Amino acid sequence: MSTNLAVKILKSHLLEGELQQGHEIAIKVNQTLTQDSTGTMVYLQLEAMGIKELKTDLSVAYIDHNMLQAGFENADDHAFIQSVAAKYGIVFSKPGNGICHQLHLERFSKPGDVLIGSDSHTPTSGGMGMLAIGAGGLDVAVAMAKGNYYLKMPRIINIRLEGQRKPWTSAKDIILHILGKLTVKGGVNAILEYSGESVKQLSVPERATITNMGAELGATASLFPSDEITYDFLKRQGREEAYKPLSADENADYDETIIIHLDEVVPSAAMPHSPDKVATIAELGAIPVDQVNIGSCTNGSYADFMKVAGILKGKKVHPRVSLTLSPGSSNVLKMLAENGAMADLIGAGVRLLEAGCGPCIGMGQAPKSGAVSLRTFNRNFKGRCGTVDAEVFLVSPETAAASAIAGHLTDPRSLGEEMVIEEPEVYANDDGYWITNSPEPRTTIEMGPNIKPVPQGTPMKRELEAEVLLKAGDNITTDDIMPSNASLLPFRSNIPELSKQCFSTIIDDFSDRALRAGQGIVIGGNNYGQGSSREHAALVPLYLGVKAVIAKSFARIHQANLINAGILPLVFDREEDYGMVNEGDSLFIKNLSALDDKGFVTVVNNNTKENFKVIFQGSARDVAMLKVGGALNYAVKGERNDV
Ligand code: MIC
Ligand code: SF4
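Structure report, in brief. These numbers come from a predicted model, not from an experiment. (Residues numbered from 1 in each chain as written. Chains lettered and ligands numbered in written order. Predicted model: local features only at pLDDT ≥ 70, side-chain atom pairs only at ≥ 80, totals over all residues. Heavy atoms only, no water.)

## Section: the environment of Tyr302
Next up, step 1: Within the secondary structure, Tyr302 sits in helix H10 (residues 302–312).
Next up, step 2: Tyr302 sits in the buried class, given a relative accessible area of 9%.
Next up, step 3: Between the alpha carbons of Tyr302 and Glu422 there is a distance of 9.7 Å; along the sequence they are 120 residues apart.
Next up, step 4: Setting aside residues up to four positions removed in sequence, Tyr302 forms contacts with Val332, Met335, Asn339, Ile421, Glu422, Glu423, Pro424 and Tyr427. (Helix = DSSP H or I, 4+ residues; strand = E, 2+ residues; numbered from the N terminus. Buried < 20%, exposed > 50% of the residue type's maximum accessible area, 1.4 Å probe, protein only. Contact = heavy atoms within 4.5 Å.)

## Focus on the packing of aromatic side chains
Next up, step 1: With the rule as written, the count across this model stands at nine aromatic pairs.
Next up, step 2: Centroid distance Tyr194 to Phe224: 4.6 Å. Interplanar angle 0°. Geometry classified as stacked. Note that Tyr194 is positioned in strand E10 (residues 190–195) and Phe224 in the loop between strand E11 (221–223) and helix H8 (228–236), a separation of 30 residues in sequence.
Next up, step 3: With a centroid separation of 6.1 Å and 80° between ring planes, the pair formed by Phe572 and Tyr578 is classed as edge-to-face.
Next up, step 4: With relative accessibility at 3%, the residue Phe572 sits in the buried group.
Next up, step 5: Residue Tyr578 is classed as buried on the basis of its relative accessible area of 17%.
Next up, step 6: Cation over ring: Lys471 sits above Tyr578, and NZ or CZ is 4.2 Å from the ring centre.
Next up, step 7: One residue, Lys552, lies across the ring of Tyr578, its end atom 4.5 Å from the ring centre. (Phe/Tyr/Trp six-rings, centres within 6.5 Å; stacked < 30°, edge-to-face > 60°. Lys NZ or Arg CZ within 6 Å of the ring centre and 35° of its normal.)

## A look at unusual backbone geometry
Next up, step 1: Along the chain, Pro272 connects to His273 via a cis peptide bond; the corresponding omega equals 0°.
Next up, step 2: Following the sequence through the fold, His273 ends up in the loop between strand E13 (268–270) and strand E14 (278–280).
Next up, step 3: The phi dihedral of Asn475 is positive, around 55°, even though this residue is not glycine.
Next up, step 4: Residue classification places Asn475 among the partly exposed positions, given a relative accessible area of 28%.

## Overview of the side chain of Asp139
Next up, step 1: Considering the arrangement of structural elements, one finds Asp139 in helix H5 (residues 137–146).
Next up, step 2: Nearest to the buried, unbridged Asp139 among oppositely charged side chains is Arg621, at 5.5 Å.
Next up, step 3: Engagement of the side chain of Asp139 in a polar contact is seen with the side chain of Asn564, the distance being 3.2 Å.
Next up, step 4: Aside from chain neighbours lying at most four places away, what touches Asp139 is Tyr149, Ala560 and Asn564. (Lys, Arg positive; Asp, Glu negative; His and termini not counted. Salt bridge = Lys/Arg side-chain N within 4 Å of Asp/Glu carboxyl O. Polar contact = N/O pair within 3.5 Å; in protein donor to acceptor, adjacent residues only side chain to side chain.)

## Topic: the nonpolar core
Next up, step 1: If you look at the biggest cluster of nonpolar residues, it comprises 111 residues, and the most contacted ones within it are Tyr43, Phe503, Phe510 and Ile550.
Next up, step 2: The biggest single contributor to this core is H5, with seven residues.
Next up, step 3: If sequence neighbours within four positions are ignored, Phe503 has contacts with Leu470, Ile476, Asp480, Ile481, Pro483, Phe510, Val522 and Tyr528.
Next up, step 4: The next biggest cluster of nonpolar side chains, apart from the first, holds 45 residues, and it includes Val204, Phe305, Leu312 and Val321. (Core = buried A, V, L, I, M, F, W, Y, C linked by side-chain atoms within 4.5 Å.)

## Considering the packing of helix H2 (residues 36–49) against helix H3 (residues 72–88)
Next up, step 1: Two elements in contact, H2 and H3, have axes separated by 10 Å at closest approach and are oriented at 45°. Between H2 and H3, the angle is such that the two are oblique. Between H2 and H3 lies a crossing of left-handed hand. Residues Asp36, Gly39, Thr40, Tyr43, Leu44, Leu46 and Glu47 of H2 form the contact with H3, whose own contacting residues are Asp77, His78, Phe80, Ile81, Val84, Lys87 and Tyr88.
Next up, step 2: The class makeup of the residues in the contact of H2 with H3 is seven nonpolar, three polar and four charged. (Axes fitted to C-alpha atoms, helices over the stretch in contact; angles between N-to-C directions. Parallel < 35°, antiparallel > 145°, perpendicular 65-115°, else oblique. Left-handed = near helix turned anticlockwise from the far one by under 90°. Nonpolar A, V, L, I, M, F, W, Y, C, P; charged D, E, K, R; others polar.)

Here you go:
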């Protein structure tokens, strides 16, 4: 049998289970990464597990999200994470070094290895043939403590790239084209494996732009082969010893194959407020633009910024436009400074931010009311930029730079001959922001006053009677459930404070409703919990007494986070039964003790007296976790040795 690349890596890491679609498997984890806005929870949970040493080859803690220090909170979180890193021998990346995914690709990603990260864009490292998966914080803590990760064996979808790229179409346009076709649900429970002769037209940073936004397709991971282009990138990064050639066997088996013709890809944008609402720049026309933001883990590479510098050289940013730059890494910034490109950018009138997530997570640079903002980022959910009535379009760096000069949405093909950027012979590789630690178990953990305990689930009861607190629609994001912006991010370690804003992009009184009801149920449509991996979207509802979420379908990471928190995720057996529930109804779910991994459960609507069936789609292990009130209880009680 001819094996695809994803299965080869899974096979070589398999600890438990069978590689059959939908079956639960456990895989060995080589590396983990965390970032600061999810990291405090990860490390509080790791501490609670009371382990002596890590089981991974490498674990890295990045500080890249909560960078504004308007009060003491973010700085306290950084200090907490740094002290835990020292205790366990975790590599620490200081604020200012750059964004976790770009840095990991530059310095640590390894073809054929498995990486688990507490950030949904962890699959970026798949651009180098690494099986890299985003997960909830607790799963990452467990991966560090036990060296394993549980998941349902995904479908493996082959995305075959064919044809020749057209001038001025970037990797961003390719992934937007794919998003337009597959939608934000298209990759759910799937690994997207790229193949075909045309993969050779993409550099590693370009491949990483594509694997990065696999998260927007809902994919478990995205994977490129490791080939001579990978070798070349690693060599320029000074770490060719990490190279290993890897690809699928000829005529490998896949669950599905999708062919993407690169010659059909043209400069495009994702329109407000979803990454899959894709139109071509030509179709959208010359929309006036107020703000342009270039950077993020999607487009923070050296070549991205060199293209922008080349387009802006000798030109001026339009008077109406505020153009910000947030490079992916300090070494990208250093190279731009050394080769003079930074001078061209500053001469054009850009606003230079530090290397980090910045405006992508709403950490500053909220645009003016009603603004049109063009961003080279990966998410444009309503309100995520910090201004609820702003219109955010996702574009390539080339489109962003051309539009910043013109003051309106501009097709970069109008700039004339395509700009081709050579990757540097040797990438800058400075160490100024890195701290490598040998484990020092006696390190004092620094806990600022804003760091509050992680809420704990309670064992599942035999039956549940509770009010429907909210009935939400399709594609609810974790940004909807637990919004993030510059004023909320400092409370990522303080669930009681954060809980006041739960669901505040949808309704303004969710926390009041929940506290009044004592306990409750949330109803959702399809793909409930898509987007960010933040487990706060489960921990905050847990704190507010949410016991179950009933939806048409769930996004993978969020479903796992709910179970880890001890909240029951249930799926309508028949989608139309969604219509049988209204906000304020009282629901009665009986016989929960009979819940198993195949089980149907009956829900009675006390108001209408009608009933409908729901299914639990987790594993037997998930049921065991729910029965003791979530994964931390399960791990700490040590009833089994697998978490
Ligand atoms: C995001 O891009 O949404 C984030 C912020 O990086 C999140 C993590 C978080 O909410 O802290 C993610 O992608 O998982
Ligand atoms: Fe940071 Fe944005 Fe990337 Fe999330 S998507 S890791 S906020 S740059």
